[in-house]
Each structure stands twice: as structure tokens, then as C-alpha cells.
Amino acid sequence: PISHPADNRSDRMKIVAALTDPADAARAQEQGADLIEIRFDLMEGNPQALVEQCRACCTLPVIATFRSVQEGGRYAGTADEWFRTIQPILLQVDFVDMERRFSQHAGAVRAAGKGVIASFHAGLMPDLYELFDLERCLRTYGDIVKIVVTPQDEDDLIELISFTHAVKLPVCTGVMGDRFRYARAMLPLFGSELAYCNVGDQTAAGQYTVEEFVRLMQLLKGGK
């Protein structure tokens, strides 16, 4: 697993370099990333060859992601088509990002010895009780829960921070868009265990580069 329940979760935060080009993996590792996310839905080419290219230039764990159109990506296939696409690369990756629409295949991914990041992305802000309901639902099939939403004001952001702090099992929270970009740096301080950044092209609006985020954490935590 990526982590486990314990105190000082912010100390175990890991930086994910979300890539649109596997050739950027080496630079991501040099800049301080802990994991690589390959956004296959934003790439052209054979997925197996793309993973091999990534593996050839870095030694970090790899997350395979085919983000659906419904959640901000470009993948438009069915759940069964999604699994047929992911199956050939299961042995090459370490984690699979899995939205609820694909969750029927979580057992097969786990049987292959891979971790599941159960994810939800929305251009809205659920109520606090809905966030907890969503977390429980995603937890039924995921090793770590990833919830990315869109706060409409500062009160929404405070609720998202409170939710993040309250969840004691592995969780990643984030925001969509540029308006509350600074929350990407704040949420890890309250327990979000993955921070998605970029090297090369952004995979989402508002992302920091890996290099920027490493420096931000050093400043916010008083490191050198």
C-alpha cells in the first residue's frame, strides 16, 4: 500500500508526477517526484510501449490512468473496454487509478498484485456528508481514496480541509481549476497523502510543477 493510518500523515505525503509524455519521467525523478502517473488518455501510442519508455528512464512506481470524459479526461470507452485496455499493462505498473464506473474490475487488478487508487473528480463541491459517503463508497474497492472537487468559495475549501483532516485512512484530496490553486499545497498539510504535479504539459489546470511543489513543501514545513 502507499501508506497506512498513523499520526503525522503530512510527513508521508508523496508527490505524483502526472505525465503526458513518458520521456519526462527521468526529469520528474530528478526533481523529486515519488511516483509517476502515466495519463494514457492524453497520449498517443501503444500503452505497453509507453510504459516501457517510462521504465527505461526512471525507477519510480507507476500509476496507470485512463481518465474518463465524464471526469475530465479523454477516455470514452465502457468499463469492459477499459479493462481490456488496462489488462495488457497490469504487469508493468504498480497502481491503477479506477473511477467508480470501472470498479467492477477492481478484483482483477488486485489479483494481479496491483494497488487501486479509487478516484472521483467533479466540477462541483459536494456537501460534507456527501464527501464522507463518497469516501466510504470508494473505500470498498480502493487502497487509497482520491477525491478531487471544485470549491465555490472559501467556506467550501474549509470543509474540504476539514474532511481531509478527519479521514484517518489513506486519502488524497484536491481541487479542480486555478481559483483555489493554493489548496493543492495546503491539503497535504492536513493529511492528503498524494500531491499531483506536472513535468512538461499540465494534465489539469492549476497544477504546480514537481520542482515548484518540492520547494513549497520545504518552505511551508520549515525545511531546507
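Higher on the page you've got the structure.
Residues numbered from 1 in each chain as written. Predicted model: local features only at pLDDT ≥ 70, side-chain atom pairs only at ≥ 80, totals over all residues. Heavy atoms only, no water.

(A) Layout of the overall build of the protein. Looking only at helices and strands, the protein has eight helices and eight strands in total. At 16 Å, the protein has a C-alpha radius of gyration in line with the 17 Å of a compact globule built from 224 residues. Seen through its principal axes, the protein has C-alpha atoms that stretch 45 × 40 × 30 Å. The buried share of the protein, reckoned over its 224 residues, is 53%. Put simply, 65% of the contacts in the protein that link residues at least 6 apart link residues at least 24 apart. Accessible surface computed for the protein: about 10,000 Å², of which carbon and sulfur atoms make up 51%. Here the protein holds 23 positive side-chain charges and 31 negative ones, and the gap between their average locations is 4 Å. (Helix = DSSP H or I, 4+ residues; strand = E, 2+ residues; numbered from the N terminus. Rg over C-alpha atoms; globule rule 2.2 N^0.38 Å. Buried < 20%, exposed > 50% of the residue type's maximum accessible area, 1.4 Å probe, protein only. Contact = heavy atoms within 4.5 Å. Areas by Shrake-Rupley, 256 points an atom, 1.4 Å probe, with all protein chains shown as cover. Lys, Arg positive; Asp, Glu negative; His and termini not counted. Charge placed at Lys NZ, Arg CZ, Asp CG, Glu CD.)

(B) Expanded view of a nonpolar patch on the surface. Where nonpolar side chains cluster on the molecular surface, the patch consists of Leu-189, Phe-190 and Leu-220 and spans about 240 Å² of accessible area. Overall, the relative accessible area of 32% leaves Leu-189 in the partly exposed class. (Patch = residues over 30% accessible without salt bridge, like charges linked within 9 Å, V, L, I, M, F, W, Y side chains within 5 Å. Salt bridge = Lys/Arg side-chain N within 4 Å of Asp/Glu carboxyl O.)

(C) Fine view of the nonpolar core. Residues Ile-36, Trp-82, Ile-147 and Phe-213 are the most contacted members of the largest nonpolar core, which totals 62 residues. Discounting residues that sit within four places of it in the chain, Phe-213 has contacts with Met-13, Ile-15, Arg-184, Ala-185, Pro-188, Ala-195, Cys-197 and Tyr-208. If you look at the next biggest cluster of nonpolar residues, it comprises nine residues, including Leu-35, Ile-63, Leu-194 and Tyr-196. (Core = buried A, V, L, I, M, F, W, Y, C linked by side-chain atoms within 4.5 Å.)

(D) The pairing of strand S6 (residues 144-149), seen in detail. Buried residues dominate S6, accounting for six of its six residues. Residues Ile-144, Lys-146 and Val-148 of S6 are buried on one face, and the alternating residues Val-145, Ile-147 and Val-149, pointing to the opposite face, are buried as well. Bridging between strand S5 (residues 115-121) and S6 involves five bridges; their strand directions are parallel. Considered in S6, the bridge of Phe-120 is made with Ile-147. Once you follow S5 into helix H5 (residues 128-139) and on to S6, the crossover reads as right-handed. Pairing of S6 with strand S7 (residues 171-175), which is carried by five bridges, proceeds in the parallel orientation. (Pairing = 2+ DSSP bridges. Right-handed = clockwise from strand over helix to strand, strands pointing away.)

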